[in-house]
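Fold and contact review
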Amino acid sequence: MSEKLKPCRDIESGKFICNHGMYGTRLYHIWNGMKGRCFNKNNKDYPNYGGRGISICDEWKYSAEKFFEWSISHGYGKYLSIDRIDNNKGYTPENCQWISNKKQQRNKRNNHIVYFNGESHCVSEWADITGISKGTIVSRIRYGWNVKDILQVKPSHHNRLYRNSSKLESEG
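These lines cover the structure that appears in this document, whether it is placed above or below. Computed from a predicted model, the values in this text were never measured in an experiment.

Topic: the nonpolar core
Among the nonpolar cores identified, the biggest contains 18 residues, and M34, W60, F67, I82 and Y91 are the most heavily contacted of them. Listed by contribution, the elements that provide at least two residues to this core are α1 (26–39), α3 (64–73) and β2 (96–100). With six residues, the top contributor of residues to this core is α1. Sequence-distant contacts of W60, that is, excluding residues within four places in its chain, are made with W31, M34, K66, F67, W70, I82, Y91, T92, P93 and C96. Among the nonpolar cores identified, the runner-up in size contains eleven residues, and V114, I132, I137 and I150 belong to it.

With respect to α1
The end-to-end C-alpha distance of α1 is 20 Å, a good match for the 20 Å that 14 residues give at a rise of 1.5 Å each. Every buried residue belonging to α1 is among L27, Y28, I30, W31, M34, K35, G36, R37 and C38, and all of these are buried. Tucked into the core, α1 has its buried residues touching α2 (58–61), α3, β1 (80–84) and β2.

Section: the packing of α1 against α3
Packed helices, taken two at a time, are described by the angle their axes make and the gap between the axes. Where α1 contacts α3, the axes come no closer than 10 Å and their chain directions differ by 120°. One way to sum up the angle between α1 and α3 is to call them oblique. Of the two elements, α1 crosses α3, and the hand of that crossing is right-handed. For the pair α1 and α3, the contacting residues are L27, Y28, I30, W31 and M34 in the first and A64, F67, F68, S71 and I72 in the second. Classifying every residue of the contact of α1 with α3 gives nine nonpolar, one polar and no charged.

Some details on a negative patch on the surface
Negative charge collects at one region of the surface, where E59, E65, E69 and E94 lie side by side. For E94, the location among the structural elements is in the loop between β1 and β2.

Here is what the cut-offs are and how they apply
- Residues numbered from 1 in each chain as written.
- Predicted model: local features only at pLDDT ≥ 70, side-chain atom pairs only at ≥ 80, totals over all residues.
- Heavy atoms only, no water.
- Core = buried A, V, L, I, M, F, W, Y, C linked by side-chain atoms within 4.5 Å.
- Buried < 20%, exposed > 50% of the residue type's maximum accessible area, 1.4 Å probe, protein only.
- Helix = DSSP H or I, 4+ residues; strand = E, 2+ residues; numbered from the N terminus.
- Contact = heavy atoms within 4.5 Å.
- Expected span 1.5 Å × (residues − 1).
- Axes fitted to C-alpha atoms, helices over the stretch in contact; angles between N-to-C directions.
- Parallel < 35°, antiparallel > 145°, perpendicular 65-115°, else oblique.
- Left-handed = near helix turned anticlockwise from the far one by under 90°.
- Nonpolar A, V, L, I, M, F, W, Y, C, P; charged D, E, K, R; others polar.
- Patch = residues over 30% accessible without salt bridge, like charges linked within 9 Å, V, L, I, M, F, W, Y side chains within 5 Å.
- Areas by Shrake-Rupley, 256 points an atom, 1.4 Å probe, with all protein chains shown as cover.
- Salt bridge = Lys/Arg side-chain N within 4 Å of Asp/Glu carboxyl O.
- Lys, Arg positive; Asp, Glu negative; His and termini not counted.
- Charge placed at Lys NZ, Arg CZ, Asp CG, Glu CD.

Shown next, in the form of structure tokens:
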């Protein structure tokens with residue numbers, strides 16, 4: 001089968017055909033988006049997907065119906081997005097799941113992971129856990145605070161560590 005990315009066109013005749021009835025749906029756009037990221041070198045996201053060797057299993061690549069069936073039977077919902085469990089592997093039934101956008105944003109290669117007391121979380125997760133805003137945690141990391149203080153010192157303008165970082169900022 002051809003590598004063409006127009007799944008609803010007959011390869012031989014070029015005529016528009018769409019047997020699955022999903023054309024134009026959110027699920028169709030997700031499926032088509034995966035194909036674009038993995039196979040279309042002109043896609044802005046190709047370097048982070050196809051350019052890194054991320055692919056789609058043949059079952060999904062060539063059959064929207066198979067992808068739709070898997071999606072519905074594995075928890076697809078209107079507010080969920082497809083997630084690769086192992087970001088270094090491709091889109092396959094064994095490596096994919098449907099998760100919330102919040103969880104998806106925490107599962108990115110460019111997240112800053114902070115290790116403390118035997119736990120590792122991205123900055124957003126630590127913000128939820130500690131009640132300290134994400135912006136405050138990021139600022140503290142930038143100012144070189146130690147991890148214990150980053151995650152345990154509650155923000156206060158009267159706090160010595162907080163004053164010292166403000167002083168550093170005004171000197172810069």
